[in-house]
Amino acid sequence: MTKEEERIYDGELGWANQTCMKILVRLGELFEAEKLIPISSAHVSGVSYKTLGDAPIEFLKALADAGGKARVKTTLNPQSFDPEYLAKKLSKHLRDRQLTVLKQFERMSLTPSLTCTPYYLAKPKRGAHLAWAESSAVVYANSLLGAWTNREGGPSALAAAIIGKTPEYGMHKPENRKPVVLVRVEAQLLNETEFGALGICLGKILGNRIPVVSGLQGASKDKLKQFSAALGTTGMASMFDYHSRSGDRGNEEITVETKEIRNTIEVLSTSSTSKPDLVFIGCPHCSLKEIRQIAKLVDGKRVGKGTEFWVCTSRYIKENARDYVTKIENTGAHVLADVCTVVSWTETLCINTIMTNSAKTAYYAPTLNKAETTLAPLRECISAAFKG
Ligand code: F3S
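First things first, this report covers the structure right here in the doc. As the structure is a computational prediction, the values presented were derived from the model and not from experiment.

Another aspect to go through is the overall build of the protein. The secondary structure content of the protein amounts to 16 helices and 14 strands. For a compact globule of 388 residues, the expected C-alpha radius of gyration is about 21 Å, and the protein comes in at 21 Å, within 12% of that figure. Here the protein, with 388 residues, has 58% of them falling under the buried criterion. By sequence separation, contacts in the protein at least 24 residues apart represent 79% of the contacts at least 6 residues apart. A total accessible area of about 16200 Å² is found for the protein, and carbon and sulfur atoms account for 50% of it. The protein carries 50 positive and 41 negative side-chain charges, and their two centres are separated by 5 Å.

Given below as structure tokens:
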């Protein structure tokens, strides 16, 4: 540790800084890091009161009371409602608890971005060291943006934000960023849902091993975002390589065929209804391009009776897509910022069946939302939402 780090560790800069330094030092010891390195930004998960619960609120409050302040730009994951639409449907108790959580983060100078796609707000520089929680964003940042981040938990990302540093191990070291498994995709992936299904399927096989994925046709950034989110859902790999920049291919080979993709989608589709209670697009949060595409597909239509249609995105994208948002909302759909279905209280809204194009949501919804799911591409989701 440097002299300044030792002073923080010894408590000279107060309890909040000392606690955060202790968390980072302990983490560094566990992973045999030799030093702490400065980070350009942090992203904190565990913001939704639904997933956080009551216990951590006292800790957040204590940190804020003791003057803990982020030293680097720090964004936050989604919370459990948006203030315009869902907030009105929830009890005062739930709203108040959520606002208490958010208040503590704001007291510590964290930006209430409330999105899992912080890279649309500020794209990290290639090679920048980050301390991001939220697995979908971590895989995306390492693989598509060339930034360097471990997969932090909420507390370690917060500690890194307050200290402005993270232990140098894992994805912060070049030798750990090389692919060790070659994945040959023999299936022709037709849409974003199939890219997600590939991620679910591979995450289970790979564990924490980094793959180089060959044979990905038509891999747009939005489709790779689905793949990143799903890979981080079932596995611990923090990145993938898809055009083998490094030339490393590893010793092992895995082949993925069409039947495995089909099978994954089938397993994730637990509902048999063609009229779901909720059609949900926006896991991870929609890009501007996705919002534009949805606006084009729904123009002039009307959401079917008895169905909710939610499109989730960040407030930043929502504000930059006003015309498209108006077009979407004119159909009876809702473009929701600050929230996502998985971390919201859908059960209390009597939503028992969810149709989505996101493999990650389809994976989590049966447990976290107690809902049956249908996993299908955007166009099918849209036609279900607009069925009379
Ligand atoms: Fe984001 Fe929620 Fe999906 S946080 S990645 S939209 S589960």
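Right, let's talk about the site of the ligand for a bit. Around the ligand, the surrounding shell consists of Pro78, Cys116, Glu134, Ser136, Gly282, Cys283, Pro284, Cys340, Val342 and Lys360. Examining the composition of the shell around the ligand, we find that three residues originate from one element, strand β10 (residues 278–286), more than from any other. Looking at the shell around the ligand residue by residue, the class counts come to six nonpolar, two polar and two charged.

Strand order across the open sheet formed by four strands is β3-β2-β4-β5, with parallel pairing between neighbours. Each edge of the open sheet carries a strand with a single partner, namely β3 (73–76) and β5 (148–151). Put simply, the sheet's adjacent strands are angled 20° from each other on average, direction ignored. On the sheet, helix α8 (residues 154–163) packs against β2 (41–44), β3 and β4 (129–132) and is oriented at approximately 150° with respect to β2.

One finds Leu198, Ile294, Phe309 and Ile328 to be the most contacted residues of the largest nonpolar core, which totals 65 residues. Contact partners of Phe309, with chain neighbours within four places excluded, come to Leu278, Val279, Ile281, Val298, Val303, Ala333, His334, Ile382, Ala385 and Phe386. Of all hydrophobic cores here, the second largest spans 55 residues; its members include Leu24, Leu114, Leu278 and Cys340.

What follows is about the side chain of Thr361. Within the secondary structure layout, Thr361 lies in helix α15 (residues 359–368). Looking at Thr361, the relative accessible area reads 0%, which means it is buried.

Bringing the pattern of salt bridges into the picture now. Overall, the coordinates contain 17 salt bridges when judged by the stated rule. Between Arg26 and Glu29 there is a salt bridge, with its nearest N and O atoms 3.2 Å apart. Here Arg26 pairs with Glu29, and both are found in helix α2 (residues 15–30), just three residues apart, close to one helical turn. One salt bridge in this structure joins Glu134 and Lys360, with 3.0 Å as the shortest N-O distance.

On to the packing of aromatic side chains. The final tally for this structure, using the stated rule, is eight aromatic pairs. Note on Phe227 and Phe240: the rings are 4.7 Å apart at their centroids and 80° apart in plane angle, and the pair reads as edge-to-face. In this pair, Phe227 is assigned in helix α10 (residues 221–234) and Phe240 in the loop between α10 and β9 (252–256), connecting sequence segments 13 residues apart. Here Phe227 and Phe240 have matching classes, each one buried. A centroid spacing of 5.8 Å and a plane angle of 85° characterise the contact between Phe309 and Phe386, whose relative ring orientation is edge-to-face. With Phe309 in strand β11 (residues 308–313) and Phe386 in the segment after α16 (378–385), this residue pair connects regions lying 77 residues apart in the sequence. Here Phe309 and Phe386 have matching classes, each one buried. Among the aromatic residues, those joined into a cluster by ring pairs are Tyr119, Tyr120 and Tyr140. Taking NZ or CZ as reference, Lys22 lies 5.6 Å from the ring centre of Tyr9, over its face.

Reading the values: rules and limits
- Residues numbered from 1 in each chain as written.
- Predicted model: local features only at pLDDT ≥ 70, side-chain atom pairs only at ≥ 80, totals over all residues.
- Heavy atoms only, no water.
- Helix = DSSP H or I, 4+ residues; strand = E, 2+ residues; numbered from the N terminus.
- Rg over C-alpha atoms; globule rule 2.2 N^0.38 Å.
- Buried < 20%, exposed > 50% of the residue type's maximum accessible area, 1.4 Å probe, protein only.
- Contact = heavy atoms within 4.5 Å.
- Areas by Shrake-Rupley, 256 points an atom, 1.4 Å probe, with all protein chains shown as cover.
- Lys, Arg positive; Asp, Glu negative; His and termini not counted.
- Charge placed at Lys NZ, Arg CZ, Asp CG, Glu CD.
- Near = heavy atom within 4 Å.
- Nonpolar A, V, L, I, M, F, W, Y, C, P; charged D, E, K, R; others polar.
- Pairing = 2+ DSSP bridges.
- Axes fitted to C-alpha atoms, helices over the stretch in contact; angles between N-to-C directions.
- Core = buried A, V, L, I, M, F, W, Y, C linked by side-chain atoms within 4.5 Å.
- Salt bridge = Lys/Arg side-chain N within 4 Å of Asp/Glu carboxyl O.
- Phe/Tyr/Trp six-rings, centres within 6.5 Å; stacked < 30°, edge-to-face > 60°.
- Lys NZ or Arg CZ within 6 Å of the ring centre and 35° of its normal.

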